[in-house]
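# Understanding the architecture of this molecule
Here are the chains, one letter per residue:
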Amino acid sequence: MEAVIIPGDWNVDQILDDLDQHGFSIVDDAYSSEYQHAVSQECLSHLNEFRNAAIQNGVVSNIRSDHILWLRPEFQISHLHTQTLQQFSQALNRAFYLGIKEIEAHFACYHAGEFYALHRDNPQAKNGRMISSVYYLHEQWQADWGGELRLQDKNGQWHIIQPQPNRIVLFQSDLLHEVLISKQQRLSITAWLRSDTALV
Ligand code: OGA
Ligand code: MN
C-alpha cells in the first residue's frame, strides 16, 4: 500500500484538543503550495461536470445553491487529501473512539451569489457522519468576498471563518453552520469522516 502521511507540520495534538474543547479546528497552510495548485487545477478541469447540489433525487431544495461533484478514484490529486483524512481518522479514533471507517467527499463550487443556509451535516445522528471537513482550493480570497463559514461551536459560541486558500476546517458534523453568500467563485472539497460504510 502506498504510504500516505499527515503533513509533518500539522499539529495533530492541537487539532485533537481544539475538537475536544470547541468541536472544531482550523488547519492553515494545510499542504504545500504545489499540492494546492494541483488540486485546484484538478477541480477546475472538471467544472463542466458539477451538478446543482440543491437537486437530489429530482427534489429541489432552497437551502443551498452551490454545485458539487463527488470525488472519483481517478481524481488522483484530490484522492491524496482523502487519504490524509483517512490517516488522520486513526488519530481521531484513538483519541475519541469515533469508529471512523470511511471518507465521503465532493468538490464544491459556489459561483457569485451562491450560499448554503443554516444546517447540520448530521442532525440527530441520522447518518454516520462524525466529523465534517472543508478544504478551500481557490487560489486567493479577500475578506470582502463573503463566502465565510459561520459555525456554532459545541459551547454555543458563533465563529465566522474565512475560506482562506489552503485552509482546512474540521468540525463535529452535528454542529449548526452555514456558508454566507459568496461574491466570487469559491472552490472546496467537503469531506465527511463516517463511522458507517456507504450503501452503494
Ligand atoms: C457543506 C458545508 C461549508 C463550507 O458542504 O455541508 O457546510 O465552508 N460546507 O464550504
Ligand atoms: Mn455543512
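Structure report, in brief. This one's a predicted model, so the numbers in the text were calculated from it and none came from an experiment. (Residues numbered from 1 in each chain as written. Chains lettered and ligands numbered in written order. Predicted model: local features only at pLDDT ≥ 70, side-chain atom pairs only at ≥ 80, totals over all residues. Heavy atoms only, no water.)

## Topic: the coordination of the manganese ion (ligand 2)
Stated precisely, the cut-off is as follows: Water is absent from the atoms considered, so a metal site may look incomplete; donors are defined as N, O and S atoms within 2.8 Å of the metal, or 3.2 Å for Na, K and Ca. To qualify as a helix, a DSSP run of H or I must reach at least 4 residues; to qualify as a strand, a run of E must reach at least 2; elements of each kind are numbered from the N terminus.
Distances from the manganese ion (ligand 2) to its protein donors, His119 (NE2), Asp121 (OD) and His177 (NE2), fall within 2.1 to 2.2 Å. Written as a sequence motif, the donor arrangement for the manganese ion (ligand 2) is H-x1-D-x55-H. Remark: histidine 177 occurs in strand β12 (residues 177–179) and histidine 119 occurs in strand β7 (residues 116–119); sequence separation between them is 58 residues.

## Some details on the site of ligand 1
Selection criterion: What makes a residue near a molecule or strand is one non-hydrogen atom of that residue sitting within 4 Å of it. What qualifies as a polar contact is a pair of N or O atoms within 3.5 Å, subject to a donor-acceptor requirement within protein and to the restriction that residues adjacent in sequence count only when both atoms come from side chains. Only the protein chains shown count as cover for residues, and all accessible areas are computed by the Shrake-Rupley method using a 1.4 Å probe. Note on residue classes: Ala, Val, Leu, Ile, Met, Phe, Trp, Tyr, Cys and Pro are nonpolar, Asp, Glu, Lys and Arg are charged, and everything else, Gly too, is polar.
For ligand 1, the full set of nearby residues is Tyr116, His119, Asp121, Val134, Tyr136, Leu149, His177, Val179, Arg186, Thr190 and Trp192. Contacts to ligand 1 include histidine 119, whose side-chain N or O atom sits 3.3 Å from an oxygen atom. Aspartate 121 has a polar side-chain atom sitting 3.2 Å from an oxygen atom of ligand 1. Within the complex, 99% of the 290 Å² of free accessible area of ligand 1 lies under protein. Only β7, β8 (129–136), β12 and β13 (186–194) provide two or more residues apiece to the shell around ligand 1. Ranked by residue count, the leading element in the shell around ligand 1 is β13, at 3 residues. In terms of residue class, the shell around ligand 1 is made up of 6 nonpolar, 3 polar and 2 charged.

## What about the layout of surface pockets?
Going by this rule: Buriedness for pockets is judged along seven lines, at least five of which must meet protein on both sides within 12 Å for an open set on the 1 Å grid over protein atoms alone, while cavities are sets there where a 1.4 Å probe fits but cannot get out, and lining residues have an atom within 4 Å of a point. Grid points are joined across faces, edges and corners, and a volume is the space filled by probe spheres set on the points.
Approximately 690 Å³ is the volume attributed to the largest pocket. Around the largest pocket sit 35 residues that line it, and Gln56, Arg64, Tyr116, Arg129 and Trp192 are the ones nearest its centre. Mapped onto the lining of the largest pocket, the elements with two or more residues apiece are β2 (51–52), β3 (55–56), β5 (67–70), β6 (102–110), β7, β8, β12 and β13. Looking at side-chain class alone, the lining of the largest pocket contains 18 nonpolar, 9 polar and 8 charged residues.

## Digging into the packing of helix α2 (residues 33–44) against helix α3 (residues 76–96)
Put simply, the rule is: Here an axis means a line fitted to C-alpha atoms, over the contact stretch when the element is a helix, while the angle between two N-to-C directions is reported on a 0 to 180 degree scale. Roughly parallel refers to an angle under 35 degrees, roughly antiparallel to one over 145, roughly perpendicular to one between 65 and 115, and oblique to any angle outside these ranges. Every residue pair with non-hydrogen atoms within 4.5 Å of one another is taken to be in contact.
Direction vectors running N to C along α2 and α3 enclose 120°, while the axes themselves pass 8 Å from each other. Relative to α3, α2 is oriented oblique. Residues Tyr35, Ala38, Val39 and Glu42 of α2 form the contact with α3, whose participating residues are Gln76, Ile77, Ser78, Leu80 and His81. Split by residue class, the contact of α2 with α3 holds 5 nonpolar, 3 polar and 1 charged.

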